[in-house]
Amino acid sequence: QVQLVESGGGLVQAGGSLRLSCAASGSGFSINAMGWYRQAPGKQRELVAAITRAGNTIYADSVKGRFTISRDNAKNTVYLQMNSLKPEDTAPYFCNAVMYGLNYWGKGTLVTVSS
């Protein structure tokens, strides 16, 4: 089936930038949408950004104007460009893919923003 592998997390100071990548591997599949979630300690899981195969995007209000999601359909890879990072952005970020109504999840990549 589909396997999602994230990369790009790390430690950055407030105001800095990171770019997350998520690559989907497998054969004989077509992913309808991909996105990024995060879940800070003590908080609910939050949809950060998502993108459809056609390129339509949605963002959480807290990241609008700072984050940009993009997708390379040929490589089945989604990216999250994170600018003007804030300490409250600190969380593990999980890649999600939807295919035929089924959800697939990566293991996560940790983003830590220091002040």
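Above this text you will find the structure in question.
Residues numbered from 1 in each chain as written. Predicted model: local features only at pLDDT ≥ 70, side-chain atom pairs only at ≥ 80, totals over all residues. Heavy atoms only, no water.

(A) Expanded view of the environment of Leu 4. Within the secondary structure layout, Leu 4 lies in strand 1 (residues 3-7). Sequence separation of Leu 4 and Trp 105 is 101 residues, and the distance between their C-alpha atoms is 6.3 Å. Aside from chain neighbours lying at most four places away, what touches Leu 4 is Cys 22, Ala 23, Ala 24, Met 34, Cys 95, Asn 96, Ala 97, Tyr 104, Trp 105, Gly 106 and Lys 107. (Helix = DSSP H or I, 4+ residues; strand = E, 2+ residues; numbered from the N terminus. Contact = heavy atoms within 4.5 Å.)

(B) Examining the pairing of strand 7 (residues 67-72) more closely. Along strand 7, the buried face is formed by Phe 67, Ile 69 and Arg 71; none of Thr 68, Ser 70 and Asp 72, which line the opposite face, is buried. Here strand 7 pairs with strand 8 (residues 77-82) via 6 bridges, running antiparallel. Looking at the pairing, Asp 72 lines up with Thr 77 of strand 8. The antiparallel pairing of strand 7 with strand 8 creates a hairpin that spans 4 residues between the two strands, and Asn 76 there sits at a positive phi of about 50°. (Buried < 20%, exposed > 50% of the residue type's maximum accessible area, 1.4 Å probe, protein only. Pairing = 2+ DSSP bridges.)

(C) Region of the structure containing the environment of Ser 114. Structurally, Ser 114 can be placed in strand 11 (residues 109-114). Distance in space between the C-alpha atoms of Ser 114 and Gly 15 is 9.4 Å, their sequence separation being 99 residues. If we skip the residues at most four places from it in the chain, Ser 114 touches Leu 11, Val 12, Gln 13 and Ala 14.

(D) Quick peek at the sheet that holds strand 7. Strand order across the open sheet formed by 4 strands is 1-3-8-7, with antiparallel pairing between neighbours. Since the sheet does not close on itself, it has two edges, and those belong to strand 1 and strand 7, each with one partner. Neighbour to neighbour, the strand axes of the sheet diverge by 15° on average, direction disregarded. (Axes fitted to C-alpha atoms, helices over the stretch in contact; angles between N-to-C directions.)

(E) Structural view of the nonpolar core. Counting 30 residues, the largest nonpolar core has Leu 4, Met 34, Trp 36, Leu 80 and Tyr 93 as its most contacted members. For this core, the secondary structure elements donating two or more residues are strand 3 (18-25), strand 4 (33-38), strand 5 (46-52), strand 7, strand 8, strand 9 (91-99) and strand 11. Non-local contacts of Tyr 93, meaning those with residues more than four positions away in its chain, are made with Glu 6, Leu 20, Trp 36, Tyr 37, Arg 38, Val 48, Phe 67, Leu 80, Met 82, Gly 108, Thr 109 and Val 111. (Core = buried A, V, L, I, M, F, W, Y, C linked by side-chain atoms within 4.5 Å.)

(F) View of the state of the cysteines. Within this structure, the stated rule accounts for 1 disulfide. Each disulfide pairs two cysteine sulfurs, and for Cys 22 the partner residue is Cys 95, the sulfurs being separated by 2.0 Å. Taking the torsion about the S-S bond as the criterion, the Cys 22 to Cys 95 disulfide, at about -85°, is left-handed. Taken together, the residues Cys 22 in strand 3 and Cys 95 in strand 9 connect sequence positions 73 residues apart. We classify Cys 22 as buried; its relative accessible area is 0%. According to the relative accessible area criterion, Cys 95 is buried, its value standing at 0%. (Disulfide = S-S within 2.5 Å.)

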